[in-house]
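A look at the structure
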Amino acid sequence: MSKYPYQISSFEDYQRQYKKSVENPEEFWAEIATNFQWKQPWNNVLKWDFRSAKTEWFSGAKLNITENCLDRHVLTQPDTPAIIWEPNNPEDHHRVLTYRELHFKVMQFANALKNHGVKKGDRVCIYMGMIPELAIAVLACARIGAIHSVIFGGFSAQSIADRIQDAQASAVITCDGAFRGNKSIPLKEVIDDALMSCPSVKTVIVCTHTRTPVSMIKGRDFWWEDEIKKVETQGNPYCEAESMDAEDELFILYTSGSTGKPKGVVHSTAGYMVWANYTFVNVFQYQPGQVHFCTADIGWITGHSYIIYGPLSAGATSLMFEGIPTYPDAGRFWDIIEKYKLEILYTAPTAIRSLMGFGDEPLKNRDFSNLKVLGTVGEPINEEAWNWYNEKIGHNNCPIVDTWWQTETGGVLISNLAGVTPAKPTFATYPLPGVQPVLVDENGNEILGNGVSGNLCIKFPWPGIIRTTYGDHERCRTTYFSAYDNLYFTGDGCLRDEDGMYRITGRVDDVLNVSGHRIGTAEVENAINMHAGVVESAVVGYPHDIKGQGIYAYVIYTGTHGDVNLTRQDILATVSRVIGPIAKPDKIQFVSGLPKTRSGKIMRRILRKIAEGEIGNLGDTSTLLDPMIVDEIKEGRL
Ligand code: WTA
């Protein structure tokens, strides 16, 4: 018998569980929820109304997610490693935090936050490198009921300021700096710039890591280590876990949409916990004692759900890696797999494609014999990359789970279950129990049957569904629940094959997926337009061998400062400054106009085709205000 009574054990079991989850969802989830630790039981398993974008799971219940992630495991398996940390530099020492140690450190830091007056409901912004203190900071917030908002280290001061202001965060937790490959990133300096326009922030706690010189402002900035010492001298390491309502907000995570402004996706406590745990245990078929390596950054949802909350709530061992796959060389992931005798590797197609490019040399004489499960997430995986992953890493012996999901879904919605349900290259395959996908056409009519494609929607809530967008519930409703009546709209296109298996084909809105990172075209356009010489711009995606999608910008420019390449560099610097280096266009084409309809709307379809190189077949251009501009753009194509 599995440690997890709800771990699905065969395809027949999956079919049984799936059927039950659809026919009797409340009973289904209530049974699963009994495997968690509650301070008080729920009144209702589920209340929902998609038309007003409202979902509540286990309402009336009280709990604290950290008791589920830490305290209960400290009782039964205190010496099991909770987090193994592998540093950026392989010569530096790795760290192991057992459940007992992690529990202790989380409570200690939670008390430090309390000493600064941080309390339930306060928003705390976390901007740190991938070090264990990041996980400790996240869990310490959850311990005292503060809402964490983790911001990926690749965002600029301006982006951080926007997010801090939107959430009205009162505290920031950061590091002096972070290591990434041969670079050192000055995190505290970026925070200092951001805070010039963030009066809500009263406290900044700085953890030393790179030990680069940083400014420390009296009364505002405090060293992590000093705050911990204060807690030690106070003599009480224990920190009571705040009693949270099931629907109390656990965290905010900002993500891009089709408008210029990122939105704060909000997840609540109980439903998210159950979903992160259930999907972790079932998709990866985790067995006690295994080491799970999710290569994502905790600044993204994948890190939240499959480095921290999923694994820890299951009492698993989660490996956290500070560095990048190509430092000091392209064998780094493979070194880590060998060093820790890993069983599970969960990474992104972009990483697979990039490592594939280094050939077989970095793979020579590697021992992957412990590997049991491989996973991918973040973007569609092409067949070539899937085959390489399967043969070279899995030795045709490890199921690959192709997990489709989103920041808004909290955890995986569609994926095969490792070794339990069938896999099919490039297909996410079947929905998890509780997930009811439907395909719809542009008019919102459901497309029935198999061998069809359409826009992917979900017609029934699962426990991890988005609860709101921070500070603006109407935005949540219009973005996800109004495109099609009574359905959650994913923004993805999808096909369902003859066997009823799902294959996600990519975004159908103006959101790009660059190396698995979501970037709104409108956001990039806004950033480019901030550059002094730019009149107007239009951004589209194009196929990119490694990144999946690259960013192609068409720019109308009126400056005369140096040559074209310098101007391009200036624009890139502007985008870096406004959003961050991750949003820098791969190509910038200067144009004298953009293809617009008579009503002034940019015909992106045409720009997309040109960027993709499909210039022979641009479709109908007769509705354009100035059809000649298309020829000019075609000629200047990069
Ligand atoms: C895409 C990441 C194809 C999709 C967890 C989705 C995928 C967006 C897959 C969400 C997959 C994610 N196959 N496409 N297995 N997984 N996507 O919010 O377009 O960063 O809407 O969440 O990534 O990106 P997000």
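So, here is what we can say about the structure in this document. All of these numbers come straight from a predicted model, not from anything done at the bench. Along each chain, the written sequence defines residue order, and numbers are assigned to residues from 1. Confidence filtering applies because this is a predicted model: local features only for residues at pLDDT of at least 70, side-chain atom pairs given and counted only at 80 or more, and all residues used for totals across whole chains, interfaces and linings. Side-chain descriptors were evaluated using all non-hydrogen atoms of the structure, hydrogens and water having been removed beforehand.

**A short note on the overall build of the protein chain**
As a reminder of what qualifies: Counting from the N terminus, the helices are DSSP H or I runs at least four residues long and the strands are E runs at least two residues long. Every radius of gyration here is taken over C-alpha atoms, with the globule rule written as 2.2 Å times N^0.38, N being the number of residues. When accessible area is computed with a 1.4 Å probe and restricted to protein chains, residues below 20% of their type maximum are described as buried, those above 50% as exposed, and intermediate ones as partly exposed. In this analysis, two residues are considered to be in contact whenever any of their non-hydrogen atoms come within 4.5 Å of each other. Per-residue and other accessible areas were derived by the Shrake-Rupley procedure at a 1.4 Å probe size, with only the shown protein chains allowed to occlude residues. Only four residue types enter the charge count, namely Lys and Arg as positive and Asp and Glu as negative; His and the chain termini do not. Charge positions come from single atoms, namely NZ of Lys, CZ of Arg, CG of Asp or CD of Glu.
The helix and strand tally for the protein chain stands at 18 helices and 30 strands. The globule rule puts the C-alpha radius of gyration for 638 residues at 26 Å, and the 24 Å found for the protein chain is close to it. For the protein chain, the spread of C-alpha atoms along the principal axes amounts to about 75 × 60 × 55 Å. Counting all 638 residues of the protein chain, 60% fall into the buried class. Look at the contacts in the protein chain between residues 6 or more apart in sequence, and 70% of them connect residues 24 or more apart. Total accessible area on the protein chain stands at roughly 24,200 Å², and carbon and sulfur atoms take up 49% of it. Charge-centre separation for the protein chain: the mean point of 61 positive side chains lies 3 Å from the mean point of 75 negative side chains.

**Some thoughts on the site of the ligand**
The criterion, for reference: For this purpose, a residue is taken to be near a molecule or strand whenever a single non-hydrogen atom of the residue falls within 4 Å of it. The definition of a polar contact used here is a pair of N or O atoms within 3.5 Å, where within protein one atom must be able to donate a hydrogen and the other to accept one, and adjacent residues in sequence count solely through side-chain atom pairs. Polarity classes work like this: nonpolar for Ala, Val, Leu, Ile, Met, Phe, Trp, Tyr, Cys and Pro, charged for Asp, Glu, Lys and Arg, and polar for all others, with Gly in that last group.
Around the ligand lies a shell of 17 residues, among which Asp-402, Thr-403, Thr-407, Asp-492 and Arg-518 are the nearest. Contact distances for the ligand include 3.4 Å between a nitrogen atom and a backbone N or O atom of Pro-380. Of the residues belonging to the shell around the ligand, the class tally is six nonpolar, six polar and five charged.

**Focus on the packing of helix α4 (residues 99-115) against helix α5 (residues 132-144)**
Packed helix pairs are specified by the crossing angle of their axes together with the interaxial distance, meaning the distance between the axes. Threshold: With axes taken as lines fitted to C-alpha atoms, and helix axes fitted only over the stretch in contact, angles between N-to-C directions fall between 0 and 180 degrees. Here the word oblique covers every angle except those under 35 degrees (roughly parallel), over 145 (roughly antiparallel) and from 65 to 115 (roughly perpendicular). Should the near helix be turned anticlockwise from the far one by less than a right angle, the crossing is left-handed, and should it be turned clockwise, the crossing is right-handed.
Look at α4 against α5: their axes get within 8 Å of each other, and the N-to-C directions meet at 65 degrees. Looking at the two axes, α4 sits roughly perpendicular to α5. In this structure, α4 crosses over α5, and the sense of that crossing is right-handed. Contacts from Leu-102, His-103, Lys-105, Val-106, Met-107, Phe-109, Ala-110, Leu-113 and Lys-114 in α4 reach Ile-136, Ala-137, Leu-139, Ala-140, Cys-141, Arg-143 and Ile-144 in α5.

**Some words on helix α9 (residues 269-283)**
Residues that lie three or four places apart on an α-helix share one face, since the helix turns once every 3.6 residues. What counts here: Expected span, for any helix, means 1.5 Å times one less than how many residues it has.
Taking 1.5 Å per residue, 15 residues should reach 21 Å; α9 reaches 21 Å between its end C-alpha atoms and fits that length. Across the 15 residues that make up α9, a large majority, 15, are buried.

**Quick word on the pairing of strand β15 (residues 263-268)**
Counted only if it meets this: Strands pair, by our definition, only if DSSP identifies at least two bridges between them.
Most of β15 is tucked away: six of the six residues are buried. Burial of β15 is two-sided: the residues Lys-263, Val-265 and His-267 facing one way and the residues Gly-264, Val-266 and Ser-268 facing the other way are all buried. When strand β14 (residues 249-255) meets β15, the two strands line up antiparallel, connected through six bridges. From the neighbouring strand, Tyr-254 faces β15, where its bridge partner is Gly-264.

**Quick word on the environment of Val-172**
By the secondary structure assignment, Val-172 is in strand β8 (residues 171-175). With relative accessibility at 1%, the residue Val-172 sits in the buried group. When the C-alpha atoms of Val-172 and Trp-42 are compared, they prove to be 33 Å apart, with 130 residues separating the residues in sequence. Not counting chain neighbours up to four residues away, the residues in contact with Val-172 comprise Cys-125, Ile-164, Ile-191, Leu-195, Val-201, Thr-203, Val-204 and Ile-205.

**Some words on unusual backbone geometry**
Residue Pro-328 follows Tyr-327 across a cis peptide bond; omega there is -5 degrees. Along the chain, Pro-328 turns up in the loop between β17 (317-321) and α11 (332-339). A positive phi angle is found at Gln-285, which is not glycine, with a value near 50 degrees. Looking at where Gln-285 falls in the secondary structure, it is placed in the loop between α9 and β16 (291-294). A positive phi is found at Thr-429, a non-glycine position, where the angle reads about 70 degrees. For Thr-429, the position within the fold is in the loop between β20 (400-403) and β21 (437-440). On the basis of relative accessibility, which here comes to 0%, the residue Thr-429 falls in the buried class.

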